[in-house]
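Examining the three-dimensional arrangement
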Amino acid sequence: MALSLRTASRKTWQTLSSIKTGVVLIILVVIFSAAGTVILQRPMTDPEDMQRAYSPAMLRFLDATGLTDVFHTRWFVALMILVSLSIIAASVERFPNAWRFFARPYKSPDDGFRRVLPTQAQIAIADEEQGLGAAERALRHMGFKAERIVRTDSFSLFSERSRISEMAVYIVHASLLLIFLGGIVDALYGWRGFVTLTPGSSSNQVEVMKGAARTLPFSIRCDGTGEETYTDGTPKRWWSKLAVVQGGREISRKEIAVNDPLVYHGVRFYQATYGRTGKLDHLVLDATPTKGSTPQEISLAMKQTVALDADTDVQLVEFIPDYVFQDGQVYARSNDVVNPAVHMIVTSKSKNASINVWLPAIPGIAENANSPYSFDPKDLKTGFYTGLQVSHEPGQWAVWSGVVLMAIGLTFVFYVIHVRFWIVPARDASGHLILWVGGTANRNRDAFEIRFKKLVEQIQNGLKPETTAAEKLADSVPGASIAGR
Amino acid sequence: MARARVEQHPATGTTLVVMVGLSIAFLLFIAFLNVVKTGSVLSEANLLYAALVFYAGAGALYLGFGITGTDSYIKFASLATWAGLIANTGAVAHRWYEAGHPPFASIYEMLLSFVWTLAALTLIAEKRYGVKVIGTVTMPVAIVGVVLMELLPSEVRPLVPALQSTWLHVHVTLAMLAYAACALSFALAMMFLIQDKMKTETFLAATSMFTVGIYGAILTRFERWGGLNVVAWDTENKTEAFISRGVRLFVTIPDLGWLMLLVFVAVAAPLVLYIIARIQKNDSLLPTANRAIFVSILLQALALIFFLLRARNGQYPSLDAEGLYATTLAASPFILSALVGGIFANLLYLLMLWRREDLERLLPDADALDRITYKTICIAFPLLTLMIAAGAYWANRAWGSYWNWDPKETWAAITWLVYAGYLHMRITRGWRGRRAAYFAILGFAVVMFTFFGVTYLLPGLHAYA
């Protein structure tokens, strides 16, 4: 029983770590992600649109299988976990071998290795020391450092470059796991929400996507918000001046804009929207006395009282952004400033009278005719709000470090090549003294072979310093047989 | 036929060079006369026109090289490409200076950069890797790109707040480079298949399938009573018309749907004939299939002409709203490129059908092509990775979330996975030759879907590109 359990777990491990499983999992991820882009997805699409697009039975089926929210279903998460496990298993399975290769480089090639190595050459030499010396010089000329390997039964040269390249693929896989880790942390502990602020207000309540509110350990205060536009009126920049307040103390301050958030304790505030609140900020009017002609300009905010002369005051009491008048009553139709009305009360102390002034003069309720002043609206400024996207993503640092690590790893995988050369004095089949030269590269082998040929030529040239350059060119390859792949 | 060609060499050689040279000189002269009248010499429109003229000259010469194999054409062709590239660089620089941001913000600007990249890559592939015939493929694409640009609205438009980010520019630049590398790997994989003695009729089937895919995609816009839905154009703001945020307004061009359906049948005919030939093991049907390709090219040209005539300017009814709405070609860049792309693919097939021997002589050998394809993907893959990372970083700065699973993002990830699969099979399983080439072609198909298909066919809000 125990044995079969062990075989079962061994089998599972082997299956998990095989490249075939990896590719099958990749294909599954591709299929399901593609399905998630073709089928309308739940949180983003309106329920009515979903019902219009699919028949009720179809929709029930899609909902039951989770196909309407593919990327957040359990089985998609399970698939991602399987992918992670497969990467881990494949890496663990292959890592020890690669590590041995990396940690204990093979420096002194034996006969068997020398027989099967695809890229090799033999150069006739007169003397071992002279041959090795020429090889050393040739390697140095190519920018390689040669190491003399002395064993009891052999004496040879070894040279290599960029051994780290053998580890690169593990760096890439580790970086991918780091990115997954960040994603999982964010899925478990991260949240996103929204907060709307008007200038002067502050809040510590964030409306989280699922409809609930979240209380922050600090409040965020808006000190101002605004919009800059291009000459044609399209928005160029939205900004908000924000301050973080904790325990009644202002801790930090920043003017945020789209693409430039405020960060405090891992919580980020992004400029998301900007718009009119439909509430009055201030109203500018010309007030002209009925028995005079010189108008004076006054500015009124909500509930503000301004003296027009020693006897008369005016107070702004109501602002309706989009009014309708029905059955002797004024109603607000919407919060958009499309058809505004203002209600002011003009008081005269000497007459002890209050007069309701409406702009425009709504018949039936406006007593504009009785007012000692007539009013002419000049400018109306409504308030603005700023909409802030709030998010907390504790895992994002893992994601970004994973990305950087992956960039490094891929650079090593594709552009840093582990090159090795072995040079061994030996005797060929007929007993002549030769210099055996062999080499490998873990990538880009065709370019390596050209390099290898160059090295062999260099060694040969180094062996006969007395020959002239012209002769060198003429017989650069005699005695050498370069075996290609 | 091949023998006759060899004898004609000297005559046709000079004639074509002189003809192309004269046409370029003539067109530039005409342009110069216009410039004298209007004043500014180095405006973007003029530079673009010059680029078009030079690219057209280069295209003709490359095509001449592809057909006759006269080596002297190549010299003049690359000279013309260089001249076009210089004019194109001028246009890019002008644009960049005018707009104050790198030219990636609209489809027009992306095409401008894409054509530039394509011309530069052509010269690199030719000079560095000796793939001389590549201009035969890339230059026509460049010409189509410039012609599309002439049709699209080109004025500098201000950037909405979300698009004002260095990271976006990094993202789009990387995307352009990565996609160009993928395109190159696709072309190289195709060349490999030619050199690997893949049967000509297999190319026939593939070409026909590709064209069927194109018209199938266009027919997703087929409307009742034979109309074709195209996006309406907001003439005032010079953008596509929207009903609400992210929902485009479609107008129906009457009868164009029937034409598209007819062409669909015509482009499917070679595929059907091929399948019948396979089933009956009867190769005598294949010449008929080749003739059907020829007929389908004529019909495709007809479809393109009618589309140009009817969608260029016009007022059409809409199913979603009352009244008539305008549309222009600029509102349908995808349909337009699909129509042109279909014709182009079929012409390439004909070139291969008639000149296969010459192509085999001109192209590097299969082994070399296999290796270069792999190397191109080795360049494309890190670029894809960085592109996705830069996009995620930008999204994080703009919206507070680095990954939203929106269709464009998901498909970019799928592209990445497909190429990752290719690399795993190649490196650990030693996949070489055909299987690797098929994989490279699949990868590029996914790239094309991510670039065009997602915007055109799928629901979603990656509305900027």
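Residue indices begin from 1 for each chain and proceed along its sequence in written order. For naming, the first written chain is A and the first written ligand is 1, with later ones following in the order written. Owing to the predicted nature of the model, reporting of local features is limited to residues with pLDDT of at least 70; listing and counting of side-chain atom pairs is limited to 80 or more, with chain, interface and lining totals taken over all residues. Values shown for side chains rest on all heavy atoms present in the structure; no hydrogens or waters enter the calculation.

1. A short note on the overall build of chain A
Working definition: helices are DSSP H or I runs of at least four residues, strands are E runs of at least two. Numbering for both runs from the N terminus. Helices and strands together make up the secondary structure of chain A, namely 11 helices and 20 strands. Relative to its length of 485 residues, chain A is extended, with a C-alpha radius of gyration of 41 Å against a globular reference of 23 Å. Evaluated residue by residue, chain A yields a buried proportion of 41% over its 485 residues. For chain A, long-range pairs separated by at least 24 residues make up 58% of all intrachain contacts whose partners lie at least 6 apart in sequence. Taken as a whole, chain A presents about 26,400 Å² of accessible surface, with 57% of it coming from carbon and sulfur. Of the charged side chains in chain A, 51 are positive and 46 negative, and the gap between their average positions amounts to 10 Å. We compute the radius of gyration over the C-alpha atoms and compare it with the globule rule, which gives 2.2 Å times the number of residues raised to the power 0.38. Think of it in three bands: residues with accessible area under 20% of the maximum for their type are buried, residues over 50% are exposed, and the middle band is partly exposed, with areas taken using a 1.4 Å probe on protein chains only. Every residue pair with non-hydrogen atoms within 4.5 Å of one another is taken to be in contact. To be clear on the numbers: accessible area is Shrake-Rupley with a 1.4 Å probe, and residue cover counts the displayed protein chains and nothing else. We treat Lys and Arg as the positive residues and Asp and Glu as the negative residues; His and chain ends play no part in the count. Lys charges are placed at NZ, Arg charges at CZ, Asp charges at CG and Glu charges at CD.

2. Notes on the overall build of chain B
Across its full length, chain B holds 13 helices and nine strands. In chain B, buried positions account for 54% of the 465 residues. Put simply, 77% of the contacts in chain B that link residues at least 6 apart link residues at least 24 apart.

3. Concerning the pattern of salt bridges
All names here are of chain A. Within this document, salt bridges are pairs made up of a side-chain nitrogen of Lys or Arg and a carboxyl oxygen of Asp or Glu, the two lying within 4 Å of each other. With the rule as written, the count across this model stands at 22 salt bridges over all chains. Between glutamate 228 and arginine 237 there is a salt bridge, with its nearest N and O atoms 3.2 Å apart. On the basis of relative accessibility, which here comes to 33%, the residue glutamate 228 falls in the partly exposed class. Relative accessible area serves as the criterion here: at 27%, arginine 237 is assigned to the partly exposed category.

4. Focus: the interface of chain B and chain A
Counting residues at the interface gives 41 residues for chain B and 47 residues for chain A. What gets called buried area is simply the loss in accessible area from a 1.4 Å probe that two parts show on being joined, summed for both. Together chain B and chain A conceal approximately 3,700 Å² of surface at their shared face, both sides included; 66% is due to carbon and sulfur atoms. Scanning the region where chain B abuts chain A turns up one salt bridge. A salt bridge links aspartate 260 of chain A to arginine 397 of chain B, with the nearest nitrogen and oxygen atoms 3.9 Å apart. N or O atoms closer than or at 3.5 Å make up a polar contact, with two conditions inside protein: a donor-capable atom paired with an acceptor-capable one, and, for residues adjacent in sequence, both atoms drawn from side chains. Viewed at the interface, chain A and chain B are joined by five residue pairs in polar contact (both at pLDDT 80 or more). For the side of chain B that touches chain A, the elements supplying multiple residues, two or more each, are α11 (366-399) and α12 (407-429) of chain B. Take the side of chain B that touches chain A: its biggest share by element is 16 residues, from α11 of chain B.

5. Points about the nonpolar core
The criterion is simple. A nonpolar core is a set of buried Ala, Val, Leu, Ile, Met, Phe, Trp, Tyr and Cys residues joined through side-chain atoms within 4.5 Å. In this structure, Tyr55, Tyr215, Ile218, Met260 and Phe307 of chain B are the most contacted members of the largest nonpolar core, which totals 150 residues. Beyond its immediate sequence surroundings of up to four residues, phenylalanine 307 of chain B is in contact with Leu228, Val230, Leu256, Met260, Arg312, Leu329, Ser332, Ile335, Leu336 and Leu339 of chain B.

6. Notes on the environment of alanine 89 of chain A
If you trace the backbone, alanine 89 of chain A turns up in helix α5 (residues 74-103). Spatially, the C-alpha atoms of alanine 89 of chain A and glycine 247 of chain A are 50 Å apart, while their sequence positions differ by 158 residues.

7. Structural notes on the pairing of strand β5 (residues 202-208) of chain A
Residue and element names in this part refer to chain A. Note on pairing: two strands pair once DSSP finds at least 2 bridges between them. As defined by bridge partners, strand β4 (residues 191-197) adjoins β5 across two bridges and the pair is classed as antiparallel. In the strand pairing of β5, glycine 193 is matched with valine 208. With five bridges joining them, β5 and strand β6 (residues 213-229) adopt antiparallel strand pairing. Each residue of the ladder has a partner; that of serine 203, found in β6, is isoleucine 220.

8. As for the sheet that holds strand β1 (residues 222-223) of chain B
Pairing in this open sheet of three strands is antiparallel, and the strands run β1-β2-β7 (chain B) from one edge to the other. Edge positions in the sheet fall to β1 and β7 (250-253) of chain B, since each has one partner strand and no second.

9. Here's the deal with the sheet that holds strand β13 (residues 312-320) of chain A
Residues and elements named next belong to chain A. Spatially, four strands are ordered β12-β13-β16-β17 in an open sheet, and the strand pairing comes out antiparallel. Only two strands of the sheet have a single partner each, and these edge strands are β12 (305-307) and β17 (353-359). Across this sheet, the average inter-strand angle for adjacent strands is 25°, counted without regard to direction. Bridging between β13 and strand β16 (residues 341-348) involves eight bridges; their strand directions are antiparallel. Across the sheet, residue aspartate 313 finds its bridge partner in β16, namely threonine 347. Convention adopted: a line fitted to C-alpha atoms gives each axis, helices being fitted over their contacting stretch, and angles between N-to-C directions are expressed from 0 to 180 degrees.

10. Details of the environment of arginine 249 of chain A
Note on placement: arginine 249 of chain A falls in strand β8 (residues 249-257). For the pair arginine 249 of chain A and aspartate 286 of chain A, spaced 37 residues apart in the sequence, the C-alpha separation amounts to 42 Å.

11. Describing helix α9 (residues 396-415) of chain A
Here α9 of chain A contains 20 residues, and its C-alpha end-to-end distance of 28 Å stays within 8% of the 28 Å for a straight helix at 1.5 Å per residue. Where α9 of chain A is concerned, the buried positions are Gln396, Ala398, Val399, Trp400, Gly402, Met406, Gly409, Leu410, Val413 and Phe414 of chain A. Those residues of α9 of chain A that are buried are in contact with α8 (168-189) and β10 (267-289) of chain A together with α11 and α12 of chain B. Helices are assigned an expected span. That span is 1.5 Å times one less than the residue count.

12. Looking at helix α9 (residues 286-312) of chain B
The terminal C-alpha atoms of α9 of chain B, which comprises 27 residues, lie 38 Å apart, in line with the 39 Å expected from a rise of 1.5 Å per residue. Residues of α9 of chain B that are buried include every one of Leu286, Ala289, Asn290, Ala292, Ile293, Ser296, Ile297, Gln300, Ala303, Leu304, Phe307 and Ala311 of chain B, and no others.

13. Considerations on unusual backbone geometry
Omega for the bond connecting leucine 359 of chain A with proline 360 of chain A falls within 30 degrees of zero, at -5°, which places this linkage in the cis form. Its location among the elements puts proline 360 of chain A in the loop between β17 and β18 (373-392). Here lysine 281 of chain B, not a glycine, exhibits a phi torsion of approximately 50°, which is positive. Within the secondary structure, lysine 281 of chain B sits in the loop between α8 (256-280) and α9. Despite not being glycine, tryptophan 405 of chain B shows a phi value in the positive range, around 55°.

14. Observations regarding the packing of helix α2 (residues 19-38) of chain A against α12 of chain B
Orientation of α2 of chain A relative to α12 of chain B, taken along the N-to-C sense of each, is 165°, at an axis distance of 10 Å. Looking at the two axes, α2 of chain A sits roughly antiparallel to α12 of chain B. You can see that α2 of chain A and α12 of chain B cross each other, and the crossing is left-handed. Across the interface between the two elements, Ile19, Lys20, Val23, Ile26, Val29, Val30, Ser33, Ala34 and Thr37 of chain A of α2 of chain A pack against Pro407, Thr410, Trp411, Ile414, Leu417, His424, Met425, Thr428 and Arg429 of chain B of α12 of chain B. For the contact of α2 of chain A with α12 of chain B, the per-class residue count stands at 11 nonpolar, five polar and two charged. When describing relative orientation, an angle under 35 degrees is termed roughly parallel and one over 145 degrees roughly antiparallel, while 65 to 115 degrees is termed roughly perpendicular and anything else oblique. A clockwise turn of the near helix away from the far one marks a right-handed crossing, whereas an anticlockwise turn of less than a right angle marks a left-handed crossing. Only Asp, Glu, Lys and Arg are considered charged in this grouping, and only Ala, Val, Leu, Ile, Met, Phe, Trp, Tyr, Cys and Pro are considered nonpolar; every other residue, Gly among them, is considered polar.

15. Overview of the side chain of asparagine 88 of chain B
With respect to the secondary-structure elements, asparagine 88 of chain B resides in helix α3 (residues 71-99). Once you skip the residues sitting within four places of it in the chain, asparagine 88 of chain B turns out to touch Ala51, Tyr55, Leu112, Val115 and Trp116 of chain B.

16. Structural notes on the packing of α5 of chain A against α8 of chain A
All names here are of chain A. Closest axis-to-axis distance for the α5/α8 pair is 10 Å, and the angle between their directions is 155°. It follows from the interaxial angle that α5 and α8 lie roughly antiparallel. α8 is crossed by α5, and the crossing has left-handed handedness. Across from Met80, Val83, Ser84, Ile87, Ile88, Ser91, Arg94, Phe95 and Ala98 in α5, the residues of α8 making contact are Tyr170, His173, Leu176, Leu177 and Phe180. Looking at the contact of α5 with α8 residue by residue, the classes come out as 10 nonpolar, three polar and one charged.

17. Notes on the packing of aromatic side chains
The pairing test for Phe, Tyr and Trp rings, Trp by its six-membered ring, is centres within 6.5 Å, and the orientation test on the planes gives stacked under 30 degrees, edge-to-face over 60, and tilted for anything in between. A complete count under the given rule lists 31 aromatic pairs over all chains for this structure. Judged by centre distance (5.8 Å) and plane angle (80°), the rings of tyrosine 179 of chain B and phenylalanine 451 of chain B are edge-to-face. With a gap of 272 residues between them, tyrosine 179 of chain B in helix α6 (residues 166-195) and phenylalanine 451 of chain B in helix α13 (residues 433-457) connect regions that are remote in the sequence. Relative accessible area serves as the criterion here: at 13%, tyrosine 179 of chain B is assigned to the buried category. Among the residues examined, phenylalanine 451 of chain B registers a relative accessible area of 29% and is labelled partly exposed. Ring-pair connections join several aromatic residues into one group, and the members of that group are Phe71 and Phe76 of chain A together with Trp403 and Trp405 of chain B. One Lys or Arg, arginine 114 of chain A, reaches over the ring of tryptophan 436 of chain A and ends 5.6 Å from the middle of that ring. In this arrangement the basic side chain of arginine 163 of chain A is found over the ring face of phenylalanine 102 of chain A, its NZ or CZ atom lying 5.8 Å from the centre. By definition, being over a ring means that NZ of Lys or CZ of Arg is both within 6 Å of the ring centre and within 35 degrees of the ring normal.

18. A closer look at the pairing of strand β20 (residues 433-441) of chain A
All names here are of chain A. Among the nine residues in β20, nine count as buried, and that is most of the element. Because side chains alternate across β20, one face comprises the buried residues Leu433, Leu435, Val437, Gly439 and Ala441, and the other comprises Ile434, Trp436, Gly438 and Thr440, equally buried. Direction of pairing for strand β1 (residues 120-124) relative to β20: antiparallel, over a ladder of five bridges. Residue pairing across strands places glutamine 120 opposite glycine 438, the latter belonging to β20. Bridging between strand β19 (residues 419-427) and β20 involves nine bridges; their strand directions are antiparallel. In the strand pairing of β20, phenylalanine 421 is matched with glycine 439. In textbook terms, the turn of a hairpin is the stretch between consecutive antiparallel strands, and for β19 and β20 this stretch comprises five residues, one of which, glycine 431, has a positive phi near 90°.

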